[in-house]
Amino acid sequence: MKSFIIAILVGLLFLTGCGSQKNMNIVQKKVVPTWYVNPPKTTLTTLYAIGEAANKDEAVANALNNMTSALSASVATQLNSEKLRISSYELLESTELGFRQHIVLITSDKQKLFESLKSELEQKFALIEKETEPLDRYHAIKQLSIYSKAKSNVQNVENTLIVMNVLNSGFDGKEYLDKASRINSDYDKLISSITFTIESNSEAKNLESLIANGLSEKKLQIKYGTGKKHFVITVTSKNQKAFSRGFTIASAEIDIRTRDYRGSVIGSNKLNIIGESTQGYEIAKENVAIKLNEMIKKDGIANVIGLDL
């Protein structure tokens, strides 16, 4: 009997030891590879960078950011690396060290990277030129939308040129800077020539200034005008009065329409906003205005009035 008990205890100790060994194997981390501890140094022709993150894709993205910042000291102080997309690179090493810990080593040939950035710039401007060529067939708001996107697409051109100049000191990017400058200038000229007037019924009078302020923040002018670049925004509200648990309710059905010089509707939106107050109907209507103003700040004036600006 005694020998039987001893055998059981020995078996339990053996199982416990195996379990502990398995746990140790599970939590044991891999050794950090040499290529990560002492990564290759960037040379005159080749860039190297390491990155770490919870997964492989994020680690590569971090490595690309590190590569951009490491191009030169001058770039690091002038360039927001997150805005530059490096597409010409090679993944040399990739290792999963542990749970949600991935490390990578990437490389990029400087000349290939330069050519890649130059090709992307040329494609970008070719597309913008294609989109802005047929502007005469569109009304001014559509033209503004096209130029707004073009302006957004060229806002990082100067940073890209800084990197390209570091990669190739003989490169002159003035041609691209001039193109970007013309796009910005054309946008500014167009937006300064567009005017709006706002009309409303009696129940929407307190909403006019909110829409006017939203347009003004986008540098659009609110004033009387005529011609192809003048637009009329009509705001109509149908309000219903109700009472509930001590509150006065103002239920507003708001219809917003923008028309061009020919009277054609080029943008519209319908909103249902409920205002409430314990101080009467007029205050409840002001609560509708407050909620509309919050909507404009959150979603943007373009979304609220249904116009692509």
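Please refer to the structure placed before this passage.
Reading guide: rules and limits
Residues numbered from 1 in each chain as written. Predicted model: local features only at pLDDT ≥ 70, side-chain atom pairs only at ≥ 80, totals over all residues. Heavy atoms only, no water. Axes fitted to C-alpha atoms, helices over the stretch in contact; angles between N-to-C directions. Helix = DSSP H or I, 4+ residues; strand = E, 2+ residues; numbered from the N terminus. Parallel < 35°, antiparallel > 145°, perpendicular 65-115°, else oblique. Left-handed = near helix turned anticlockwise from the far one by under 90°. Contact = heavy atoms within 4.5 Å. Nonpolar A, V, L, I, M, F, W, Y, C, P; charged D, E, K, R; others polar. Phe/Tyr/Trp six-rings, centres within 6.5 Å; stacked < 30°, edge-to-face > 60°. Buried < 20%, exposed > 50% of the residue type's maximum accessible area, 1.4 Å probe, protein only. Salt bridge = Lys/Arg side-chain N within 4 Å of Asp/Glu carboxyl O. Pairing = 2+ DSSP bridges.

## Some remarks on the packing of helix α5 (residues 110-132) against helix α8 (residues 174-193)
In a pair of packed helices, the angle between the axes and the distance between the axes together describe the arrangement. Axis separation between α5 and α8 bottoms out at 12 Å; the angle between their running directions is 30 degrees. Considering the angle they form, α5 stands roughly parallel to α8. Judged by the twist between their axes, the crossing of α5 over α8 is left-handed. Of the residues in α8, those in contact with Lys118, Leu121, Glu122, Phe125 and Ile128 of α5 are Tyr176, Lys179, Ala180 and Ile183. Looking at the contact of α5 with α8, its residues break down into 6 nonpolar, no polar and 3 charged.

## Topic: the packing of aromatic side chains
Evaluated as defined, the whole model comprises 5 aromatic pairs. On the basis of an interplanar angle of 90 degrees and a centroid distance of 6.0 Å, the ring pair of Trp35 and Tyr36 is categorised as edge-to-face. Tyr36 shares its class with Trp35; the two are buried. Ring centres 6.1 Å apart and planes at 35 degrees place the aromatic pair Phe125 and Tyr176 in the tilted group.

## Here's the deal with the environment of Ile146
Counting through the fold element by element, Ile146 comes out in helix α6 (residues 140-153). Once you skip the residues sitting within four places of it in the chain, Ile146 turns out to touch Glu131, Thr132, Leu135 and Tyr138.

## Here's the deal with the pattern of salt bridges
Per the counting criterion, the structure on display carries 7 salt bridges. Here Asp178 and Lys174 are joined by a salt bridge, their closest N and O atoms 2.8 Å apart. Of the two residues, Asp178 and Lys174 are both situated in helix α8; the distance of 4 residues between them amounts to about one turn of the helix. Taking the relative accessible area as the measure of exposure, Asp178 reaches 30% and is therefore partly exposed. Here Asp260 and Arg262 are joined by a salt bridge, their closest N and O atoms 3.4 Å apart. Of the residues examined, Asp260 reaches a relative accessible area of 6% and is grouped as buried. Arg262 gets classed as exposed once you look at its relative accessible area, which sits at 61%.

## Examining the sheet that holds strand β3 (residues 101-109)
The 3 strands are arranged β1-β3-β2 in an open sheet whose pairing can be described as antiparallel. Among the strands making up the open sheet, the edge pair consists of β1 (46-53) and β2 (90-98). The average angle at which neighbouring strand axes cross in this sheet is 15 degrees, direction not considered. Here 8 bridges tie β1 to β3, and the two strands are oriented antiparallel to one another. Bridging from a neighbouring strand, Ala49 pairs with Ile106 of β3. Lying over the sheet, helix α3 (residues 56-69) contacts β1, β2 and β3, oriented at roughly 135 degrees with respect to β1. Sitting on the sheet, α5 is in contact with β1 and β3, with an inclination near 85 degrees to β3.

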